[in-house]
Structure formats: C-alpha cells, structure tokens
Number of protein chains: 4
Amino acid sequence: MNHEERVADAELGAKSIKDLIESYNLIGGFMARNLYDASRVLASMYSDPDVTVILSFTANLVSTGLRGILRGIIERGLADVVITTAGTVDHDVAKSLGGVYFKGSFDIDDSVLLSKGIHRIGNVFVRKEHYGPLVEKAVHSTLSKVNASEIGVRELLWLMADELDDSSIIKASKRSCVPIYIPGFVDGAFGTAILTYNEVQRTRSGGRRINVNVLKDEEEIMNIIYSSKKLGAVIIGGGISKHHVIWWSQFKGGLDYVVYLTTATEWDGSLSGARPKEAVSWGKVKPEAKSAFVLADATITVPILFNYIASEVGFRKRNMGVYPWNCQ
Amino acid sequence: MNHEERVADAELGAKSIKDLIESYNLIGGFMARNLYDASRVLASMYSDPDVTVILSFTANLVSTGLRGILRGIIERGLADVVITTAGTVDHDVAKSLGGVYFKGSFDIDDSVLLSKGIHRIGNVFVRKEHYGPLVEKAVHSTLSKVNASEIGVRELLWLMADELDDSSIIKASKRSCVPIYIPGFVDGAFGTAILTYNEVQRTRSGGRRINVNVLKDEEEIMNIIYSSKKLGAVIIGGGISKHHVIWWSQFKGGLDYVVYLTTATEWDGSLSGARPKEAVSWGKVKPEAKSAFVLADATITVPILFNYIASEVGFRKRNMGVYPWNCQ
Amino acid sequence: MNHEERVADAELGAKSIKDLIESYNLIGGFMARNLYDASRVLASMYSDPDVTVILSFTANLVSTGLRGILRGIIERGLADVVITTAGTVDHDVAKSLGGVYFKGSFDIDDSVLLSKGIHRIGNVFVRKEHYGPLVEKAVHSTLSKVNASEIGVRELLWLMADELDDSSIIKASKRSCVPIYIPGFVDGAFGTAILTYNEVQRTRSGGRRINVNVLKDEEEIMNIIYSSKKLGAVIIGGGISKHHVIWWSQFKGGLDYVVYLTTATEWDGSLSGARPKEAVSWGKVKPEAKSAFVLADATITVPILFNYIASEVGFRKRNMGVYPWNCQ
Amino acid sequence: MNHEERVADAELGAKSIKDLIESYNLIGGFMARNLYDASRVLASMYSDPDVTVILSFTANLVSTGLRGILRGIIERGLADVVITTAGTVDHDVAKSLGGVYFKGSFDIDDSVLLSKGIHRIGNVFVRKEHYGPLVEKAVHSTLSKVNASEIGVRELLWLMADELDDSSIIKASKRSCVPIYIPGFVDGAFGTAILTYNEVQRTRSGGRRINVNVLKDEEEIMNIIYSSKKLGAVIIGGGISKHHVIWWSQFKGGLDYVVYLTTATEWDGSLSGARPKEAVSWGKVKPEAKSAFVLADATITVPILFNYIASEVGFRKRNMGVYPWNCQ
Ligand SMILES: NC(=O)c1ccc[n+]([C@@H]2O[C@H](COP(=O)([O-])OP(=O)(O)OC[C@H]3O[C@@H](n4cnc5c(N)ncnc54)[C@H](O)[C@@H]3O)[C@@H](O)[C@H]2O)c1
Ligand SMILES: NC(=O)c1ccc[n+]([C@@H]2O[C@H](COP(=O)([O-])OP(=O)(O)OC[C@H]3O[C@@H](n4cnc5c(N)ncnc54)[C@H](O)[C@@H]3O)[C@@H](O)[C@H]2O)c1
C-alpha cells in the first residue's frame, strides 16, 4: 500500500448494491473503506480455483433472518466448510421444525418475558416451547437411529438433516456436501439433548449410550486442511468458531484470504477482537494474505457483501476432490 | 410495538439498495432491524410537509468521501438546517481549495508521517500544506471583506462560500439556503484563523478586529426552532453537534422524528452514546416521536439510508417560509 | 430500586482498595456504580453459606498476570467450579513449564514477529517454543499414563496437574478440589495435542487411542448443578465459558447471584454482550437474583473486586458435600 | 520499548491503591498495562517542574460524584488549566446551588421520567427544577453585575463563582487560579441563559446586552500555550474538550506528556477515539512524548490514577509565572 489513492466525494444516486460498494470505495475512509476492501478480498478469493473456503459464524445470527443468507452462501458453493457453535444447531433446528421467532425489543422487562414463557436473544423473541423441546425431540429421534456406539458431530448433524425442512442450514450443508463442525457442541440445547438421551439410556434396560465424539470431527478438519491447496475464510463474529478456523489454518501455513466481520474490539486482548494482523504472528494468516476486517454488526455487512458476491459470482464451482469422504 | 411481526429468512439475490433495505426488514434482529427502522423513520419524516429537518454530523466524516453525500443531502432539500463542528469547515474548505486527501492506514508509524508532513485522520491522510494554510487563507481573505465589526458564524461561512468550489458543503448550504451552524466554531483551523486575523489587526495601524459572534447564530437557531411546526433530525455521530440539535429541540416540545447514526456506547453515560429514549426524559424527543438509532460507522450506514431516500424521494420540496431571513 | 440514593462528590484521599470501592459508591453513576454494585453482589454471595460459586473466564486473560489472581480465587475457596476455554489450558501449562510471556505491543509489524518466532496475544508476546511444544509435551506425557480408553476432560487436567508447578491454575484446581471444565476443549493446542497423540497411536503397533469424552464432564456439571442449594457466578468475559455457566444454571431455576465483567456490547445481539436481564427471560438468572455487570477490561476490574473480597473474606469455607466425587 | 519486560502473576493480597497499581504492572497486558503506563506518565509529568498541565473532561462526568475528584485535582495544583464543555457549567452550578442528583437506572421508561419531571444522564437522575432554572438564575444574576459590554467566558465563570458554594469546580478554579475554558460554551443551559438574558435586555428599555466573547478565551489560551516551557495533558473523554487541548498544543510543538482516558474507539476515525499516536502526525503530541491511553469508563480509572497521584504527590507546587493575568 503506498497511500497514493485519493479519497473522492461519493454522490447520491447509487441504485444497486454494486453502486453502493463503489461508493464505499470513493468514500475511502474509516469502515466504509474496510468494507470495500472486504469486497475485494472476497472477489479475489472466489476467483481463485485453488482455495478451500471456510465459513464461520456465531449462533445468535441464526436467530435472525440472516439465517437465509448463510444458507444461501452454502447453497451457492461459496463455502466449502462451515464452523459454528452449538446455538446454531438450536436455532436452525427449532426454525426448521416450525419454531417462530419474533421481532422483539432490547428494552423490555425480562421478568415479564419469563412469566410469558418467552426467551430473548437481543431484540429477537422466541417462545420457550418453540425452542428447547423441538431441539430435544430432533436430537433424541436422530440418536435413536444411530447404528454405532460412536459418532462424530458432523455425522450426527447430517443424520439429523433428514428431520429438517429446506430452510435449514444443516440440511443445506448436507445437500451441498459442505461439512459443518461444532467444536463446542455441548454448549446448548443440542449438547444437553445428547446428554439427556444418554441419561435415559443408562437408566433403561437395554439402553444404548452413544458417544458423540468431537475428536472425529477434528480429524476430518485436519484432513481437509492438509488436503487443501490454499485456504480462505469468512469469519463472522468471534469466539470459538472464529478461533477454530484460524487455529487449524496455521497447520497449513496460514490463510491466503481472510475477512473478519465483527463487533469485537482489539484492546481487551481478546481472541474475538484480534485483527488479522495478530493472526500473522501465529502463522494463522500468511503475511502476504489478502485480508480485511470490518467492525460492524454482521446483520448489516453480510447482506451487502454476499448479495454483491452472489450477483458477481452466481454459483461457485467447487472443487470437491479435496474431501476425504464421499458425498454422493 | 406488540412484537407480533416475525423474523423471516432473507435470501441472497437482492440487487438494489431498496432490496437490501427489505432484506434488513426480514432479518429483523440486532442492528439490521434498527437500520430498517431508521429507513422507516426517514421515509415518514420526508413525507411530512410540516417538518423542519435538522442534519448534524461530526467533522471527521468530511475528511472522507461521505462529504459528497452530505452535500447531496443538502442539495436535494433533505435538510433544512445543518449543525456541525469546526473541523467540518476545515476539511470542506481545504478540499474546496484543492486539498487532496488520500486513503491511508491506521497502522502506520505516525512519527514518519510527521516527518513527511502528513496529517492522519483515522485511515485518511492529508498533507499539511493541503490543510491549515488553505483554511487560513480563505478565512483571512473573507474577514477582510467583512463590512461590520460583528458577524455571526453562519454569515461568515456564507460569505466565505464565494471562495469555494461546487464540491463544498458550505457553498451548497448557501446556494440551497440551508443555514449551517458551528456552535463550537473556535475548535479548529477555522477558529484559529479568526484569532490570528484579529491578532494581526491588533498590531497593525488601522487594523480592524472583527468579532465573530456565535450568539448571533444561537438567535437564528432559536428563531428557526420556534417558527417550525414540527421538528425532525438526522444526527450522525455525537459530540457538540448532536447535543446542540436535541438541546434546542426541547424548547419546541421535542423532536417528532429522529434518527441517531453513531458508534458511541450508552453505558459510559455519555451524551454521544445516549439513545433517543434518554432524550425523551428531557423533552428533547417527544415520547410519541418516530425514532431509531443504528450503532455502526456512519460511513457504512449513511450511504445505504440516503441513497435509498434519494431514490424514493428524489428532491424534497422545502417549506422556506419558516426562516427569518431572505435567501434570494 | 427506588432511586432515592444520592450521588455525592467523592474526594481525593482514598488510600486503600476499600476506600476506592467506597468512592465508587459515592460517584454513583456510569460504570463506577456498576463496579460498586458488583462488589455488593460478591459480598452477599460470599456470605451466603448455601451457594455454589461458578467462576468462568476467557483464555486470553491467562496470558497476562491476571493468572495469579485467578489462581488465588481458587486457592482461597472463592470458587467451587471453574469453566473456561481451551486456551486457558495452553497458557497455564506453558507458563507452568517455564514459558515466559513478555510485555509486548499492539502496534507492531506482525510479520516481523512471525519471522522472529513470536506469538502475539494483544499486547502480550510469547516465543513459539514457549507455547505449543510445551503443551504438546505435557498432554502426550499425561495421556501415556491414562489407564482407561475413555477419560473426561477434567480428569485429564487433574492428571496433568502432576506435571505442573505451583503457579498453575489447573494444579490449584486439583489441590483445592475445584473442578475445572472446558466445554470447547478441542479448540487450542490442548485439543490438538490430544488429536496428535491419537494419530500417533493409530499408526503405531500396539498404539492405544484415548477417547477424551467431554460428555463425562457434562454429567459432572449436571450433578453439581442439581446438588447445589443455590447458584452464584462470576463471569469474566464472554464466549462459550460464559454461556456454559448460565446455560446449566437454568436447569436449577437460575442463578441467585451473578456478576458479569466484560467488554462485550449488547446491541449486536451477542451472547457475550447480553446483560444479566436477558438471562432472566431464559430462566438462567432468577428475576430476584442479586446481579451486576461492569463493562470494562477485566484486567482492570478483577484486581479491584477480588483484592477487596480477599481482604474482606480472606479464605472462604467451602461446602464440599455437594460434589459427587471424592477429593482426598 | 524492547519488550524484554516479563508478564508476572499478580497475587491476591493488595491492600492499597498503590499495591493495586503495582499489580497492574505485573499483570502487564491489555488495559491493565495501559493503566499502569498512565500512572507512570502522570508520575513523570508531575515531577517535572517545567510543565503546564492541561486537564480536560466531558460534562457527563460532573453529573456523577467524580466531580469531587475533578475539583480535588484543581485544588491540589494538579492542573494548571481546565478545558471542558458547557454541560460542566450546568451540572456544577446546579449542584452548587442545591441541585440533588440521584442514583438512577439506564433501564427505565423515559416517558415516565418525563411525566415526573426527571432528567436522565445515563444512570443518574436529576429533577428538572434542580437543573435548568438554577443555572439560569445564576447566569442572569451574574450577567446583571457585568460592567462591560464584552466579557470572555472564563471571566464570566469566575464572576459567577461568587454565587457558588465550595463544592464547585468553577469556584475551585477561581480560588486556585486555574483558568477554565469552555470553547463550546453555547451548547447547554449556560449558553441558553446568556441568550435569554440578552433577549430580555433587547426588549427592555435601558436593557444592556452583553457580548460573551469566546475569542477572548482563545487569546488567553494562546498566551498560556506560548508562555509554557513544556506541555502536559490529562484528557478525560473526547469531543471538543479533548480536541481543544491537542489542537492548541501543536502550536508549541506538541505535548510532552499526555494521558487519554476514554471509551471511544479508534476505528470510526473519530477525533474522540484517536490515540495519542494519531496526534503525533499532527504535531499535537511530540514523537518522544511520554504518553498512554486507557480505554475504560473514566469513573473507574480516574479515581485509581488520581488517588494514587494524590498520595504520591500531595499538593503540587505550581509555577504561576506563566499566566498573563493577576490572580491575587
Ligand atoms: N475530526 C476532525 O477531523 C477534526 C478536525 C478539526 C477539528 N475537529 C474538532 O474536534 C472536535 C471533536 O470532533 P467532533 O465533535 O466533530 O467529533 P468526534 O470525532 O469527537 O466524534 C464524536 C462522536 O461521534 C461518533 N462518531 C464519530 N465518527 C463516527 C462515525 N464514523 N460513525 C458513527 N459515529 C461516529 C463517535 O461516537 C464519537 O465519539 C470538534 O470540536 C471538531 O471541530 C475535528
Ligand atoms: N485467547 C487466547 O489466548 C486463546 C488461546 C488458545 C485458544 N483460544 C481459543 O479461542 C476461543 C475464543 O476465546 P475465548 O472464548 O476464551 O474468548 P475471547 O477472547 O474470544 O473473548 C470472548 C469475549 O469475552 C470478552 N473479553 C475478552 N477479553 C476480555 C477482557 N480482557 N476483559 C473483559 N472482557 C473480555 C470480550 O467481549 C470477548 O468478545 C476459545 O475456544 C479459546 O479456547 C484462545
């Protein structure tokens, strides 16, 4: 970067999302610039035939309608691997089985919600019975069909996909052969449902406990990483789903392309808030990688970036050779 | 709000900014919702013929290409009054007189910039000689033409408009008869240039000091506020420019429409971070006002909202009767 | 709260941390108030003989010298259970085995660090060979001593404690019989070392893979939760370690005492940023719970609160009856 | 900085604020480090006999009990100049004249507060009649005693000091001969009271309008800056009060010592969020200056730092020679 590009006045009159992206380029400063840069990193990444793209995101986003866009990313081949958290399973399953989420409010007396049986996720509401029980039912039903004493989390999710409707991220992941991983799978209704299934089995004569083994998933991830030519990542939010992507990437020399879309701040030393440059010191991102980060709510930035990419790229032709299993 | 509207999956495929806004409606949660709500508040406000719209913004934004959009808002009649800070004058004048701003970087050794004579505003760069000296020249030249011992800040700016090219916010404000106020006018190159002009006058025989009197501006603002039927505001960023809008609005019973676009957080008790609801307790915003706030960098949100509004509203017919002066 | 307590001018002259806390009470507003409130919640909680206290924290904190204070909390009986993330194991083990961490800087060229073999965690530096290899060695050595095909994560950590010196959080957890849980245990050097151990075993004749089963930990947590009379939590930072505490607490009717110490913001709908009141809607925190949250870097707030508590409470007498295992 | 200082485990057991500061040194990372660094910058600055210390802060802080500490800083000679915003005058005068502020809450229905006549500042409440009317009365009464057609803001404040009790920051500023400046003086009840005074005078036969001229204050600031040997600043919060300090400092070659205590983030390109290093590019802070910043609520950090400094330094002997006026 030699800082010779000028900032220029953007004019009102943009109609398309593509025009909007171009305005951000002109604006040239603060996060508008980072957003434009992110669009460039994505465009490069998706025009590189050799890259395995990992998508990560946090669970709260799935409680909003961003779920449809995340599913769309998978369906259009814009991700080769998904890494997320347990809550994603909860919301995705709940919604797939008829759970209805409402536009709620941050400013509400939560004890009133409690008495009405309504859970709050920020400014989103969902009735209690539209959440936990639906997840438990799906998980118990799926586990009862497992024919082995041990199963990986991804395997279990793909088995569960048969219970879900076409709105589901999990189902799309299976249909599109985009493996989905949940390194912290125990942390939510999904994990608890596995536990309660096993508790019931234990106390039942002829009960059969199933070991859901996340180390099997780790092996799959390792194989994907090692068999990739290049690595790219779209990391939405922080936490374990973010770290897991960059952690594994270091074993292949680091990401070649990376975009962070987050609200987390750097100065608290958090992994969530760390910029791509911190990851360079670890070998998680290559020094010469194309990288960008945008500090903003992903519910705002993801629709801009991925509607833009979808209209530029349409459906990406994925290189399926890299995976160690058969998706037919 | 009875929280009966559902969150729904947004799908990839949005092409226009209007589609994007509609996606935010479906997404229905977190800041995407607030952004959609802001678009509704703006749409209502601009379809109300009785409202006087106040636009406020911070100076740093004018160092980016958002300057063109802010000017466009004025030119299209989407603001009746502008309240901003001294740095806006600095950047606007500098750019109008040939000052060039570059896409820079946050991560740079600032002592190297110093030695190269480059000022940094976030990730925007401008050469020293493209900033202060240009402002000083314009201010001194304008003051030398003032035919009174006292002048208000707005008056001075409109006089200075003649020195500026058509890219200028100040010039657009004059041409469109949209008064522009700078309650903290001394805080930047603009204010210092007034001071140095007067210092020179003092030491010169026949020198004539000019009292730039911000209380004249306050009187104008007071008259505008009192003669308005309804009040609306678009408040971009915080600080003195934000507070001045809501402070004055309380004397007319509070704002009827308001949108806050800011990065500032509420929990530090700052005025910048206070939500519209805090302003309700002061009578600065009516309890029944249509209001929204979006926590995100304005360089991202303003282009979305105002390109949308520009395409819906085009050019707004303003009600010029309310002002206490003659703009012909 | 009936808002009849006055804000009062604090005067300079506070000498002790206790005086400081009292100043925050007088200051009475913004986060000083929340910090004072947090001190009250902790004081109540630690004077209640019936409460099981869960401590959670994020891994990055263990890279700083806050590690000693976190260990002190355990040693003084101020926690009955610890829930944290994989990186905690990494940093704790590395430091226990001679790994040295330095005061670094955020503003540094990370590619230079990479070439020098230095990892960066915010403004903390650690040499590569003082991190991963030390963790791998400890894990491999410990796993080679495991006498079962399956082991829980806590069990494994307590086994590994024998390799660690007295500065270690893990060792303190064992010595003090304060179980430590890592729901996302695979996400870091610790998890990868388990995987590589098993990979080696697989390819070796007579190799014996060990299933590290996090569901065993979940069972332990469940038992602790169910056998508790009351629940309290000190939740430092967000992510999986925060959620796991409140998630499990809902199955016992919610937390009776809770303090959140975090930098995460609410408006992005994140679990990390959610306030105690959101948890009330889920039944994770009781509506009548004593709760407080402080938005600030925990490296600043934890030393204030826990030095204060340590000087008030000294060593807490824990009620060991509740745990389902034998610590002698 | 050559990054050879080690992070070390802090132990529980700190009793004094000095011990606490020392713990932050050991902790060595994230904002604990920055807070320790800030204590070092302050200690150096206050042991340098040649430095003129400028204190700046935002108005909201004066609504809390931090007011007493800010006053203490002035009384102990720890500031030579104060730059703040109009709201400081409002809260300081209101409190000095019997206005009572209460511990309120962020989570409240503000329309209820409105109907009860209660203003909210974050989580602080004040009754309407304890605010605006008290300020108006003091200002009108003071203006009626002014014996000139023009007066600077500082002069006016020092005149008004006679109406105030000893809790007042303004009164302390006069008594200690620490000039106080309000570059954006029109923005609040203080400014509006000046305007309404003049409006009344205008409509009254024999009425005498008073021109409150902030350019007189600017001249004073200029003289102070030019007559200083070295410059130091404690900048609490952002906005106009922050910028005014660093803006003027550039004309003397930049600050030699500076501490920023703020919650504002850097990535939005705001002046409020800009770090000391950005100011280096402008010549506002010297490249070799001792500088530190702490991102945290000042209601938490200021009591730590200034109780520490007060106990180390006691009362600072100020060099009064530099000012262009007579304070006897
Ligand atoms: N920033 C400059 O370029 C500049 C130049 C000369 C003078 N000044 C002076 O500095 C003082 C302080 O500047 P200010 O009051 O204009 O604003 P500021 O930069 O201090 O911003 C005030 C608040 O507005 C919000 N904000 C700022 N940038 C934002 C963005 N990109 N998106 C959303 N929200 C944003 C932030 O929360 C910030 O805390 C003023 O008196 C001004 O005249 C500034
Ligand atoms: N950070 C490390 O050093 C490290 C090392 C190895 C593995 N990991 C893995 O990375 C993943 C994510 O890390 P995490 O979940 O431990 O936490 P994190 O760093 O992602 O933090 C989560 C949230 O906690 C809050 N937080 C963080 N630091 C804080 C502070 N100083 N003060 C107050 N609040 C703070 C922030 O809001 C942050 O968004 C985990 O799975 C972890 O095992 C981290």
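Data block above holds the structure.
Residues numbered from 1 in each chain as written. Chains lettered and ligands numbered in written order. Predicted model: local features only at pLDDT ≥ 70, side-chain atom pairs only at ≥ 80, totals over all residues. Heavy atoms only, no water.

A. A look at helix α12 (residues 239–249) of chain C. Counting buried residues in α12(C) gives 10 out of 11 residues, a clear majority hidden from the surface. Listed as buried for α12(C) are I240(C), S241(C), K242(C), H243(C), H244(C), V245(C), I246(C), W247(C), W248(C) and S249(C). (Buried < 20%, exposed > 50% of the residue type's maximum accessible area, 1.4 Å probe, protein only. Helix = DSSP H or I, 4+ residues; strand = E, 2+ residues; numbered from the N terminus.)

B. Local environment of the site of ligand 2. Close to ligand 2 lie 27 residues; L271(A), S272(A), H91(C), D187(C) and G238(C) are nearest. Looking at the residues close to ligand 2, they fall on chains A, C and D. Interatomic distance of 2.7 Å between a backbone N/O atom of L271(A) and an oxygen atom of ligand 2. Contact distances for ligand 2 include 2.5 Å between an oxygen atom and a side-chain N or O atom of D187(C). Burial of ligand 2 by the protein amounts to 97% of the accessible area it has alone, namely 810 Å². Those elements that provide at least two residues to the shell around ligand 2 are α11 (239–249) of chain A together with α3 (60–63) and α5 (86–96) of chain C. It is α5(C) that provides the largest number of residues to the shell around ligand 2, a total of 4 residues. (Near = heavy atom within 4 Å. Polar contact = N/O pair within 3.5 Å; in protein donor to acceptor, adjacent residues only side chain to side chain. Areas by Shrake-Rupley, 256 points an atom, 1.4 Å probe, with all protein chains shown as cover.)

C. Structural detail: the interface of chain C and chain D. With 70 residues of chain C in contact, the opposing surface of chain D contributes 70 residues. Where chain C abuts chain D, roughly 5,700 Å² becomes buried across the two surfaces, and 60% of that area is made up of carbon and sulfur atoms. Counting across the interface, chain C meets chain D through 8 salt bridges. A salt bridge links D9(D) to R67(C), with the nearest nitrogen and oxygen atoms 3.0 Å apart. (Contact = heavy atoms within 4.5 Å. Buried area = accessible area lost by both parts, 1.4 Å probe. Salt bridge = Lys/Arg side-chain N within 4 Å of Asp/Glu carboxyl O.)

D. Spotlight on helix α1 (residues 17–27) of chain B. Turning to α1(B), its buried residues number three or more, namely I17(B), L20(B), I21(B), S23(B), Y24(B), N25(B) and I27(B). Looking at the buried side of α1(B), the elements it contacts are α1 (17–27), α3 (66–75), β3 (101–103) and α13 (298–313) of chain A together with α2 (30–46) and α13 (298–313) of chain B. Among the residues trailing α1(B), G28(B) stands out with phi positive, at a value near 70 degrees.

E. Fine view of the pairing of strand β11 (residues 285–295) of chain D. Residue and element names in this part refer to chain D. Two elements, strand β10 (residues 255–262) and β11, share 7 bridges in a ladder whose sense is parallel. Across the sheet, the residue bridging to V259 is A292, located in β11. The handedness of the β10 to β11 crossover, carried by helix α13 (residues 276–282), is right-handed. (Pairing = 2+ DSSP bridges. Right-handed = clockwise from strand over helix to strand, strands pointing away.)

F. Focus on the pattern of salt bridges. Taken as a whole and assessed by the stated rule, the structure comprises 102 salt bridges over all chains. Where D48(C) meets K230(C), a salt bridge forms, and the shortest distance between an N and an O atom there is 2.8 Å. Note that D48(C) is positioned in the loop between α2 (30–46) and β1 (51–57) and K230(C) in strand β9 (residues 230–236), a separation of 182 residues in sequence. Taking the relative accessible area as the measure of exposure, D48(C) reaches 8% and is therefore buried. The exposure class assigned to K230(C) is partly exposed, which follows from its relative accessible area of 29%. One network of salt bridges, with partners in common, ties together D9(A), E11(A), R67(B), R71(B), E75(B), D92(B), D166(B) and R175(B).

G. Structural detail: the relation of the copies chain B and chain A. Under the fitted operation, chain B is carried onto chain A by 0.0 Å of movement along the axis and a turn of 180 degrees, and the coordinates agree to an RMSD of 0.0 Å. With respect to symmetry, the two chain copies, as superposed, fit the operation of a two-fold axis. Across chain B, the rotation axis passes nearest the C-alpha of S16(B), at a separation of 2.0 Å. (Least-squares fit on C-alpha atoms with pLDDT ≥ 70 in both.)

H. Layout of the environment of S56(C). Residues and elements named next belong to chain C. By the secondary structure assignment, S56 is in strand β1. We classify S56 as buried; its relative accessible area is 0%. Separated by 28 residues in sequence, S56 and T84 place their C-alpha atoms 5.4 Å apart. Here S56 is in contact with I83, V234, I235, I236, S241, K242 and V245, once residues within four sequence places are set aside. From its side chain, S56 meets the backbone oxygen of S241 in a polar contact 3.5 Å long.

I. View of the pairing of strand β9 (residues 230–236) of chain B. Residue and element names in this part refer to chain B. Where burial is concerned, most of β9 is hidden: 6 out of the 7 residues are buried. Sheet topology places strand β1 (residues 51–57) next to β9; 7 bridges connect them, and they run parallel. Within the sheet, the bridge partner assigned to I54 lies in β9 and is A233. The sheet contact formed by β9 and strand β10 (residues 255–262) spans 5 bridges and is parallel. Within the sheet, the bridge partner assigned to G232 lies in β10 and is Y257. In this fold, the crossover linking β9 to β10 by way of helix α11 (residues 239–249) has right-handed handedness.

J. Seen up close, the relation of the copies chain C and chain D. Between chain C and chain D, the superposition needs a rotation of 180 degrees and an axial shift of 0.0 Å, giving an RMSD of 0.0 Å. Mapped onto chain D, 100% of the interface residues of chain C again fall at the interface, so both copies present the same surface.

K. Representation of the site of ligand 1 in the model. Near ligand 1, the surroundings consist of 27 residues, among which H91(B), D187(B), G238(B), L271(D) and S272(D) are the closest. Of the chains in the model, those with residues near ligand 1 are chains A, B and D. Between ligand 1 and D268(D) there is a distance of 3.1 Å, counted from a nitrogen atom to a backbone nitrogen or oxygen. Within the backbone of L271(D), one N or O atom sits 2.7 Å away from an oxygen atom of ligand 1. Contact with the protein chains removes 97% of the 810 Å² of surface that ligand 1 exposes when unbound. Contributing elements (two or more residues each) for the shell around ligand 1: α4 (86–96) of chain B together with α12 (239–249) of chain D. Sort the elements by how many residues they give to the shell around ligand 1 and α4(B) lands first, with 4 residues. Per-class residue counts for the shell around ligand 1 are 10 nonpolar, 13 polar and 4 charged. (Nonpolar A, V, L, I, M, F, W, Y, C, P; charged D, E, K, R; others polar.)

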